[in-house]
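Working through the structure, step by step
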Protein chains: 2
Amino acid sequence: MAGIDVAIVGATGAVGDLMRQVLLERKFPVRSIRFLASAKSAGKTVEFAGKRYPVEPLRPEAFEGVQIVLSSTPSAVSREYSPLAARAGAIVIDNSSAWRMDPDCPLVVPEVNAAQLQHIRKGIVANPNCVAIPLCVALKPLHDRWRVKRVVVATYQSSSGKGAKGLADFEAQLQAWVRGEPIPPPTAHRGQLAGNVLTLDWTLDTNGFTEEENKVIQETKKILGDAEIGVCATCVRVPVRVAHSEAVTVEFHQQPSVDEARAALRQAPGIRLLDERQGEVPQPIHAAGTDWTYVGRVRSDPSHPHSLCLWLVADNLRKGAATNAVQCAEELLRRGIVSPRP
Amino acid sequence: MAGIDVAIVGATGAVGDLMRQVLLERKFPVRSIRFLASAKSAGKTVEFAGKRYPVEPLRPEAFEGVQIVLSSTPSAVSREYSPLAARAGAIVIDNSSAWRMDPDCPLVVPEVNAAQLQHIRKGIVANPNCVAIPLCVALKPLHDRWRVKRVVVATYQSSSGKGAKGLADFEAQLQAWVRGEPIPPPTAHRGQLAGNVLTLDWTLDTNGFTEEENKVIQETKKILGDAEIGVCATCVRVPVRVAHSEAVTVEFHQQPSVDEARAALRQAPGIRLLDERQGEVPQPIHAAGTDWTYVGRVRSDPSHPHSLCLWLVADNLRKGAATNAVQCAEELLRRGIVSPRP
């Protein structure tokens, strides 16, 4: 069948697993596919479209003939292997943070800045941070009309942001916590998450912000293509399995009314606008498993004349990672940057 | 023994229960004490200082001879009974929201504005909202030196904000959730809290903010005594049992350095300043059961030239309610507004 020769790197992780699923859901035209992972996954197999595939070790030769690589690995692995895949002729859509701020790598949310895919200088497209993606999906239609000046965001991030290991750690903690037993020492999170919230679930950078907060701050400006936007972030891990929530306060150069902002959000791609006056509000349990950025609680900020508040929720593994990567792959086809092989 | 004649109203609730405990912990000079509650608690008894007391029905006559009433009831009950207690000669320290914005009722956080206790015109002192109390404890030393211009706060509020009923609801949800069973319909929270976060766990007001958010917005200005402060709040319920957390961004008229702000916070009453560079950060599981407002993550806001970010956590039932009320009672004695009887 005509289509694209694809490889998934980090195929056995939480995001890699979903990349495989999302390719099928969205009927991505796959001609051939291979699944790569670290030596730890040797001997595993995965199913794709009714067929079993071995999980192959991540080696430079594994990229031969591959056109698009969907990669979700730790940054150190990505720094080594993504350039090798690119050198072998593939375009890598890379979910790690390794390439995001590289001026030669576009950082793409298709609803926001798909045109950046015309400038792939290193063969690598960076898939943004899972907080920055839905934030930019929601800000884009507002930024286009009223220009964003400053964003203050506080997050409510789920355990699955740390992947399958995070979820397993959280589950073990939960089981003990609800029984009133001692919480086992954390194995992925940096403390007790069951019945608690953690702002230091990420490494602290020298500027007092965590690495996660600095990603949100920097990537939001790059994705929206406006270095003058001020961004302030507090990232917090909460005891939720899947989907990240964000409390967002946005200052504009020109002030939209709440109704105008709602109208712009309602028409924007990727967004489901909910109306709290109808009792509807974005929630992790509803967003999990979907590809939408749910936006609600749109209201005028009483503390500033040109500011609005929003509440948004999106599935961090799907729109925050796997779905966004597959959407980037679809854009590469649509733009003729990658062409199906017979 | 010489001391104060005290009554606790709402004695069988989560906060009433703690008011009793905190009076003992802080060795408040109690001459006599009575415990009042709605008819639902008829026949119950409570222990105080090794003695059992009947829970008496809430009736106007029950306040005879009482000097200080510590009250934690729904607002409708407070609107009816607190004026009756005041008419009977008591000073009521009222934890409901009924009197907080009444210009004739001081709204007191002792570390911040104890002097307001000199102006008790209606016999009622209002105990502030559980988010506003630690927020004002943390803002006060900064406001005094650099004057707060604007506060943007996003909260992470525990189930116990809805009292014993909230905790029972959360517990039932949790037990089902960890077993993968269907979540029982909520009985106190307004949706599934186990594994989820809720921004509509409070009634929505007409301005698009919830009642809880509007309390934080209004009470913060009244407690700090500065109507010009802009406040924006997003209140969110998270699956935590006890202690509320707050992500706070504060703009000042004059900018403190991070070190200056830390020094001011470290010396301020009621605050435990934690240093994230030492791996210490405020967490609900550590704040629960204490009377401190834990402050951490003090950092310079990259999105604004005169702005700092903070992260704070306090026990919503203790400093956010019972302890603050008992501290107000202590202030009444210290100032000679109420005097021990022989």
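Residues numbered from 1 in each chain as written. Chains lettered and ligands numbered in written order. Predicted model: local features only at pLDDT ≥ 70, side-chain atom pairs only at ≥ 80, totals over all residues. Heavy atoms only, no water.

1. A few points about the overall build of chain A
This is how the line gets drawn: Secondary structure counts use DSSP, requiring at least four H or I residues in a row for a helix and at least two E residues in a row for a strand, with both numbered from the N terminus. As defined in this context, the radius of gyration uses C-alpha atoms, and a globule is described by 2.2 Å times the residue total to the power 0.38. For every residue, the accessible area (1.4 Å probe, protein chains only) is compared with the maximum for its type, and the residue is labelled buried under 20%, exposed over 50%, or partly exposed between those bounds. Any two residues whose heavy atoms approach within 4.5 Å at even a single point are treated as in contact. Note on areas: Shrake-Rupley with a 1.4 Å probe; residue coverage comes only from the protein chains shown. Only four residue types enter the tally: Lys and Arg on the positive side, Asp and Glu on the negative side; His and the chain ends are excluded. Every charge is mapped onto a representative atom, which is NZ of Lys, CZ of Arg, CG of Asp or CD of Glu.
For chain A, the count of helices and strands is nine helices and 13 strands. In terms of overall dimensions, chain A is globule-like: its C-alpha atoms have a radius of gyration of 20 Å, near the 20 Å expected for 342 residues. Dimensions along the principal axes, computed over C-alpha positions, put chain A at roughly 60 × 55 × 40 Å. Taken over 342 residues, chain A has a buried fraction of 62%. Intrachain contacts of chain A at a sequence separation of at least 6 include 68% that bridge at least 24 residues. Surface summary for chain A: the accessible area is close to 12600 Å², and the carbon and sulfur share equals 50%. Between the mean site of the 40 positive side-chain charges and the mean site of the 36 negative ones, chain A shows a separation of 3 Å.

2. With respect to the relation of the copies chain A and chain B
One copy of the chain maps onto the other through a rotation about an axis plus a displacement along that axis. Formally: In superposing the copies, a least-squares fit is computed on C-alpha atoms, taking residues whose pLDDT is at least 70 in both.
Least-squares fitting of chain A to chain B yields an RMSD of 0.0 Å, with the superposition described by an axial translation of 0.0 Å and a rotation of 180°. Within this description, the copies of the chain are treated as partners about a two-fold rotation axis. Taken together, the interface assignments show that 100% of the residues at the interface of chain A recur at the interface of chain B, consistent with an identical surface on both copies.

3. Here's the deal with the sheet that holds strand 11 (residues 271–273) of chain B
Residues and elements named next belong to chain B. Applied cut-off: By definition, two strands form a pair when at least two bridges between them are found by DSSP. Only the stretch in contact is used when fitting a helix axis, every axis being a line fitted to C-alpha atoms; angles between N-to-C directions are given from 0 to 180 degrees.
Taken in spatial order, the six strands of this open sheet run 9-8-10-13-12-11, and their pairing is mixed. One side of each edge strand has no neighbouring strand; the edge strands of this open sheet are strand 9 (230–234) and strand 11. Adjacent strand axes in the sheet meet at a mean angle of 25° when their direction is disregarded. With six bridges joining them, strand 12 (residues 293–300) and strand 13 (residues 307–314) adopt antiparallel strand pairing. Residue pairing across strands places serine 300 opposite leucine 308, the latter belonging to strand 13. Strand contacts of helix 7 (residues 258–267): strand 11, strand 12 and strand 13, with the helix running at about 170° to strand 12, the strand carrying the most contacts.

4. Quick notes on the interface of chain A and chain B
For the record, the criterion: Note on definitions: buried area is the accessible-area loss of two parts on being combined, 1.4 Å probe, summed for both. We count a salt bridge whenever a side-chain nitrogen from Lys or Arg sits within 4 Å of a carboxyl oxygen from Asp or Glu. Polar contact criterion, stated in full: a pair of N or O atoms within 3.5 Å, where within protein one must be able to donate a hydrogen and the other to accept it, and residues adjacent in sequence count only if both atoms are side-chain atoms. By the convention adopted, Pro, Cys, Tyr, Trp, Phe, Met, Ile, Leu, Val and Ala count as nonpolar, Lys, Arg, Asp and Glu as charged, and the other residues, Gly among them, as polar.
Contacts between the two partners involve 55 residues from chain A and, on the opposite side, 55 residues from chain B. Interface area, chain A with chain B, both sides summed: about 4400 Å², of which 61% is carbon and sulfur. Our enumeration of links across chain A and chain B arrives at eight salt bridges. Taking the shortest distance from any N to any O, the salt bridge between arginine 299 of chain B and glutamate 213 of chain A comes out at 3.7 Å. Viewed at the interface, chain B and chain A are joined by 22 residue pairs in polar contact (both at pLDDT 80 or more). Among the elements of the structure, strand 8 (148–156), helix 5 (163–178), helix 6 (211–224), strand 9 (230–234), strand 10 (244–252), helix 8 (284–287), strand 12 (293–300) and strand 13 (307–314) of chain A are those that each provide at least two residues to the side of chain A that touches chain B. In terms of residue class, the side of chain A that touches chain B is made up of 27 nonpolar, 19 polar and nine charged.

5. Description of the sheet that holds strand 12 of chain A
Residues and elements named next belong to chain A. Strand order in the open sheet formed by six strands is 9-8-10-13-12-11, and the pairing between neighbours is mixed. Strand pairing shows two members of the sheet lacking a second neighbour, strand 9 and strand 11 (271–273), which therefore form its edges. For this sheet, the mean angle separating the axes of adjacent strands, direction not counted, is 25°. Bridge count between strand 11 and strand 12: three bridges; the pairing is parallel. Within strand 12, the residue paired with isoleucine 271 across the bridge is threonine 293. Across the sheet, helix 6 touches strand 8 and strand 9, and the angle it forms with strand 9 is around 155°.

6. Regarding the nonpolar core
The test is simple: Only buried residues count toward a nonpolar core. Its members are Ala, Val, Leu, Ile, Met, Phe, Trp, Tyr and Cys residues joined through side-chain atoms within 4.5 Å.
In terms of nonpolar packing, the biggest core is built from 118 residues, with Val69, Val295 and Leu310 of chain A together with Val69, Val295 and Leu310 of chain B touching the most fellow members. For leucine 310 of chain B, the residues in contact, after removing those within four places along its chain, are Ala138, Leu142, Glu246, Ala247, Val248, Val250, Leu265, Val295, Gly296, Arg297, Val298 and Arg299 of chain B.

7. Description of the domain arrangement of chain A
All names here are of chain A. Note the threshold: For every domain, the bounds stem from an assignment made automatically or drawn from a database.
As assigned here, chain A comprises domain 1 (4–128 + 321–334) and domain 2 (132–316). Placing a centre on the C-alpha atoms of domain 1 and another on those of domain 2 gives a separation of 25 Å. With 19 residues of domain 1 at the contact, the number on the domain 2 side is 17 residues. Here domain 1 packs against domain 2, burying approximately 1500 Å² in sum over the two surfaces, 62% of which is carbon and sulfur.

8. Some points on the environment of alanine 287 of chain A
All names here are of chain A. Within the element layout of this structure, alanine 287 appears in helix 8. Judged by its relative accessible area of 0%, alanine 287 falls in the buried class. With 31 residues separating them in the primary sequence, alanine 287 and arginine 318 have C-alpha atoms 9.9 Å apart. Residues in contact with alanine 287, not counting those within four places in the same chain, are Ala243, Tyr294, Val313, Ala314 and Asp315.

9. Quick word on the environment of alanine 243 of chain B
All names here are of chain B. Checked against the element boundaries, alanine 243 lands in the loop between strand 9 and strand 10 (244–252). Each C-alpha atom of the pair alanine 243 and tyrosine 156 lies 8.7 Å from the other, and the pair is 87 residues apart in sequence. Excluding residues that lie within four positions of it along the chain, alanine 243 makes contacts with Tyr156, Ser158, Pro284, Ala287, Ala288, Val313, Ala314, Asp315 and Asn316.

10. Description of the side chain of threonine 220 of chain B
By secondary structure assignment, the location of threonine 220 of chain B is in helix 6 (residues 211–224). A distance of 2.6 Å separates a polar atom in the side chain of threonine 220 of chain B from the backbone oxygen of valine 216 of chain B.

11. Thoughts on the packing of aromatic side chains
The test is simple: The criterion for an aromatic pair is that two Phe, Tyr or Trp rings (for Trp, the six-membered ring) have centres within 6.5 Å, with stacked assigned to planes under 30 degrees apart, edge-to-face to planes over 60 apart and tilted to the rest. Here, a charge over a ring means that NZ of Lys or CZ of Arg falls within 6 Å of the ring centre while also lying within 35 degrees of the ring normal.
Under the counting rule described, the total for this entry stands at 11 aromatic pairs over all chains. Ring geometry for phenylalanine 170 of chain A against tryptophan 177 of chain B: centres 6.3 Å apart, planes inclined by 55°, an arrangement best described as tilted. Placement of phenylalanine 170 of chain A in helix 5 and of tryptophan 177 of chain B in helix 5 (residues 163–178) is noted, with the two residues assigned to different chains. For the pair formed by phenylalanine 170 of chain A and tryptophan 177 of chain B, the shared burial category is buried. Consider the rings of tyrosine 156 of chain B and tryptophan 311 of chain B, whose centres lie 5.1 Å apart with planes at 70°: the pair is edge-to-face. In this pair, tyrosine 156 of chain B is assigned in strand 8 (residues 148–156) and tryptophan 311 of chain B in strand 13, connecting sequence segments 155 residues apart. Classification of tyrosine 156 of chain B as buried rests on a relative accessible area of 0%. Linked through ring pairs, Tyr156 and Trp311 of chain A together with Tyr156 and Trp311 of chain B together constitute an aromatic cluster. Its guanidinium or amino end placed over the ring of phenylalanine 209 of chain B, arginine 299 of chain A lies 4.4 Å from that ring's centre, counting from NZ or CZ. The positively charged end of arginine 241 of chain B is found above the aromatic ring belonging to tryptophan 177 of chain A, 4.0 Å away from the centroid.

12. Concerning the side chain of aspartate 275 of chain A
All names here are of chain A. Looking at where aspartate 275 falls in the secondary structure, it is placed in the loop between strand 11 and helix 8. Classification of aspartate 275 by relative accessible area gives buried; the value is 16%. Among all residues touching aspartate 275, those that are not within four sequence positions of it are Arg262 and Glu280.

13. A few points about the pattern of salt bridges
Across all of its chains, the model carries 54 salt bridges over all chains by this definition. Here aspartate 17 of chain B and arginine 20 of chain B are joined by a salt bridge, their closest N and O atoms 2.4 Å apart. Separated by three residues within a single helix, aspartate 17 of chain B and arginine 20 of chain B lie in helix 1 (residues 14–25), roughly one turn from each other. Between aspartate 104 of chain B and arginine 121 of chain B there is a salt bridge, with the nearest N and O atoms lying 3.4 Å from each other. A residue pair is termed long-range when its members are at least 10 positions apart, and aspartate 104 of chain B in the loop between strand 6 (91–94) and helix 3 (110–113) and arginine 121 of chain B in the loop between helix 3 and strand 7 (124–126) qualify at 17 residues. Three or more residues joined by partner-sharing salt bridges are found here, namely Arg150, Glu251 and Asp301 of chain A together with Arg150, Glu251 and Asp301 of chain B.

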